[in-house]
Amino acid sequence: MKIKNKLLKILFLPILGSSLLLSSCQNNSSGNADKNTVIFWHTFGQDIAIQVESKAEDFEELYFENTGEEINIELEYQGGYDDILTKIGNGLAVGNVPTLAVAYPDHVADYLSKETDELTWVYNLEEFFNDSEIGFDKQEWINPSLKGVDDFVPSFIEEGQNYIKDGTYSLPLMKSSEILLYNKDVLTLVLRDYDPSISDVDSYMNSITWDEFINLLRFIAQDLNKYGSNLIIPFIYDSDENLFISQCYQRGIPYVSLNNGKGSIDFNNDQAKAMVEELKGYFDEGLLLTKGTNNNEYGSDSFTRYECIFTVGSTGGTGYNDPGAAGFEVGVAKVPPVNIDESLNKYVSQGITLTILRNNRLNEEVNDARARLAWQFMKYLTNEENNIDICLSSNGYSPVRESCYENEVYASYLTEQDFMPRVANVVANEINGEYFNYPVFQGTATARTQVGGIITQVFLGFKDIDTAFEDAFNLSLIAMN
């Protein structure tokens, strides 16, 4: 077991370029490759990378102490999610893929779609769940609680099972959702004018519905500069894609589905068009912007510059919305639900998911040995204590096990009054595991991008609604084939 400074590799790999990535896999691509090395491609920012690298080194030492075998977990940064999708998609056929990788479920669906009867690329993790040697209930030194898949937040596990192919093909590492942030100092002044009977701003914002929120935005927009000379808009929604998809889900509007075991692109329908027309009306009234209609800037930039009162963004990046000690008080609430049907008041699930891949330049013995090591490392990263450590080092990600939320360390963190703990508290206690999952298949990654484009193009007037939907639908169908 070699102890080395892998952090240099993590931080400087993007500069060294793709040739090093290619050689790192190809150096081990013969049938005699090292069975005890796991190549791990990731997209982590520096803070998370440092934490996971530390866990990798701890795992190497722990593995040697308990088995006498020397192993190596090699982390390699690949850029963003689109970068890693492209690299793995191009690398599957030529054997330039890692054993362990960060992947959105949409990406895993694309990898699964490339499989044939002779070649499978993605390991079904269920073969490890109850393995007699390395299952969840084995190796207490890796997973001290010995708790298994039932301890994971159910919707997070379901996300890794929502494929056309039966099985579990991805496992959550840490998750995020969307949250509403507001300038509480300004909003307190607004509500005094809007409805003086509202005494508890935070409770009001966590109980407000989407229609009630729109009415509040209208009131603010009538005299925007009364509440701040820098204000340019009341509300910014970061993700055009999530705005479309979340509104579809909460309104019961078809988006994508599985029909007779086959993927179906369903968003090109009259209900969805009416929804976009309604949302465009709010844009035209000056009530909201999205990232796509705001020069591709995140709402956090405008929020901390006092240019908006409300913003919705990923909990995985909420730290960017903190104006600091000299700024204003930030209020935190769940995103106002449409509330047409309370059973549909669920929220988008995002964040970091892991998958295990087969490399066709390696023989089955090496592939399976590496996959079993990768699984054990996944089990180690997602044990209660480690998962809390990694999430607390992130910029707002949440743990994936239910036991994490009962853990004394995390439970104490949720009671703190600083900005990030208050965000985590709303995720844990207001959203409270109420996440929606759509099926994923080849084409859903494109569909997601295309519906975001509908919002951007229609709001800005680049396309009429019918044309925007038809173009997005056709491109999504092409991506399915």
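Residues numbered from 1 in each chain as written. Predicted model: local features only at pLDDT ≥ 70, side-chain atom pairs only at ≥ 80, totals over all residues. Heavy atoms only, no water.

A. Expanded view of unusual backbone geometry. In the Ramachandran plot, Asn-295 falls in the positive-phi region, its phi being about 55° despite a non-glycine side chain. By the element assignment, Asn-295 lies in the loop between β9 (288-290) and α13 (299-304). (Helix = DSSP H or I, 4+ residues; strand = E, 2+ residues; numbered from the N terminus.)

B. Representation of the pairing of strand β8 (residues 262-265) within the structure. As defined by bridge partners, strand β7 (residues 256-259) adjoins β8 across four bridges and the pair is classed as antiparallel. Looking at β8, one finds that Val-256 is bridged to Ile-265. (Pairing = 2+ DSSP bridges.)

C. Representation of the environment of Asn-162 within the structure. In this fold, Asn-162 is placed in the loop between α7 (154-159) and β4 (171-176). Separated by 49 residues in sequence, Asn-162 and Ser-113 have C-alpha atoms that sit 14 Å apart. If sequence neighbours within four positions are ignored, Asn-162 has contacts with Asn-437, Tyr-438, Pro-439 and Val-440. Polar contacts involving the side chain of Asn-162 include one to the main-chain carbonyl oxygen of Tyr-438, which spans 3.1 Å. (Contact = heavy atoms within 4.5 Å. Polar contact = N/O pair within 3.5 Å; in protein donor to acceptor, adjacent residues only side chain to side chain.)

D. Expanded view of the layout of surface pockets. Reported here for the second largest pocket is a volume of approximately 230 Å³. In terms of lining, the second largest pocket is formed by 16 residues, of which the most central are Asp-202, Val-332, Arg-422, Asn-425 and Val-426. Sorting the residues of the lining of the second largest pocket by element identifies α9 (201-207), β11 (330-333) and α18 (419-431) as the ones contributing at least two each. When residues of the lining of the second largest pocket are assigned to their parent elements, the largest contribution, four residues, is made by α18. Residues that form the lining of the second largest pocket fall into these classes: five nonpolar, five polar and six charged. (1 Å grid on protein atoms, 1.4 Å probe; cavity = no way out; pocket = protein on both sides within 12 Å on 5 of 7 lines; lining within 4 Å. Points joined across faces, edges and corners; volume = space filled by probe spheres on them. Nonpolar A, V, L, I, M, F, W, Y, C, P; charged D, E, K, R; others polar.)

E. Examining the nonpolar core more closely. With 143 residues, the main nonpolar core has Met-205, Phe-244, Phe-267 and Phe-310 as its most contacted residues. When residues of this core are assigned to their parent elements, the largest contribution, eight residues, is made by helix α14 (residues 364-381). Once residues lying within four places of it in the same chain are set aside, the contact partners of Phe-267 are Phe-244, Pro-254, Tyr-255, Ala-272, Ala-447, Val-451, Ile-454, Phe-469, Ala-472, Phe-473 and Ser-476. Formed by seven residues, the second largest nonpolar core is a distinct cluster that contains Cys-404, Tyr-410, Tyr-413 and Leu-414. (Core = buried A, V, L, I, M, F, W, Y, C linked by side-chain atoms within 4.5 Å. Buried < 20%, exposed > 50% of the residue type's maximum accessible area, 1.4 Å probe, protein only.)

F. Quick look at the environment of Tyr-397. Note on placement: Tyr-397 falls in the loop between α15 (384-392) and α16 (402-406). Since its relative accessible area comes to 18%, Tyr-397 is described here as buried. Between the alpha carbons of Tyr-397 and Val-427 there is a distance of 9.8 Å; along the sequence they are 30 residues apart. The residues contacting Tyr-397, other than those within four sequence positions of it, are Ile-48, Met-174, Lys-175, Ser-176, Thr-315, Gly-316, Gly-351, Ile-352 and Cys-391.

G. Inspection of the packing of aromatic side chains at higher detail. Overall, the coordinates contain 35 aromatic pairs when judged by the stated rule. Here Phe-59 and Tyr-380 contribute two aromatic rings whose centre-to-centre distance is 5.3 Å and whose plane-to-plane angle is 40°, an arrangement assigned as tilted. Remark: Tyr-380 occurs in helix α14 and Phe-59 occurs in helix α3 (residues 46-67); sequence separation between them is 321 residues. Judged by relative accessible area, which is 0%, Phe-59 ranks as buried. Judged by centre distance (4.9 Å) and plane angle (70°), the rings of Tyr-255 and Tyr-438 are edge-to-face. Here Tyr-438 lies in the loop between β14 (435-436) and α19 (444-459) and Tyr-255 lies in the loop between α11 (240-251) and β7, a separation of 183 residues in the sequence. A relative accessible area of 17% places Tyr-438 in the buried class. (Phe/Tyr/Trp six-rings, centres within 6.5 Å; stacked < 30°, edge-to-face > 60°.)

H. Examining empty space enclosed by the protein more closely. Per the counting criterion, the structure on display carries two cavities of 30 Å³ or more. In this model, the largest cavity occupies a volume close to 90 Å³. Counting only elements with at least two residues in the lining of the largest cavity, the list comes to α11 and β12 (347-348). At four residues, the largest contribution of residues to the lining of the largest cavity is made by α11. Class assignment of the residues belonging to the lining of the largest cavity gives a composition of seven nonpolar, three polar and two charged.

I. Representation of the side chain of Arg-370 within the structure. Along the chain, the position of Arg-370 falls in helix α14. One buried charged residue, Arg-370, remains without a salt bridge, the closest side chain of opposite sign being Asp-34 at 6.0 Å. There is a polar contact of 3.0 Å between the side chain of Arg-370 and the backbone oxygen of Thr-37. (Lys, Arg positive; Asp, Glu negative; His and termini not counted. Salt bridge = Lys/Arg side-chain N within 4 Å of Asp/Glu carboxyl O.)

J. Representation of the sheet that holds strand β1 (residues 37-42) in the model. Strand order in the open sheet formed by five strands is β2-β1-β3-β13-β4, with mixed pairing between adjacent strands. Edge positions in the sheet fall to β2 (72-77) and β4, since each has one partner strand and no second. Between one strand and the next, the sheet's axes are offset by a mean angle of 15°, whatever the strand orientation. As paired strands, β1 and strand β3 (residues 100-102) are joined by two bridges and run parallel to one another. (Axes fitted to C-alpha atoms, helices over the stretch in contact; angles between N-to-C directions.)

K. Layout of the packing of helix α10 (residues 210-222) against helix α12 (residues 270-284). Closest axis-to-axis distance for the α10/α12 pair is 11 Å, and the angle between their directions is 25°. In this view, α10 runs roughly parallel relative to α12, as classed from their interaxial angle. The hand of the α10/α12 crossing is left-handed. When α10 is examined against α12, the residues Trp-210, Ile-214 and Arg-218 are found in contact with a partner set consisting of Glu-278, Leu-279 and Tyr-282. Looking at the contact of α10 with α12, its residues break down into four nonpolar, no polar and two charged. (Parallel < 35°, antiparallel > 145°, perpendicular 65-115°, else oblique. Left-handed = near helix turned anticlockwise from the far one by under 90°.)

L. Broad picture of the pattern of salt bridges. Counted by the stated rule, this structure contains 19 salt bridges. With a shortest N-O distance of 2.5 Å, Glu-159 and Lys-175 are connected by a salt bridge. One end of the pair, Glu-159, is in helix α7; the other, Lys-175, is in strand β4, with 16 residues separating them in the sequence. Classification of Glu-159 as buried rests on a relative accessible area of 8%. In this structure, the salt-bridge partner of Glu-364 is Arg-358, at a minimum N-O distance of 3.4 Å. Salt bridges sharing common partners tie together Asp-131, Glu-133 and Arg-372.

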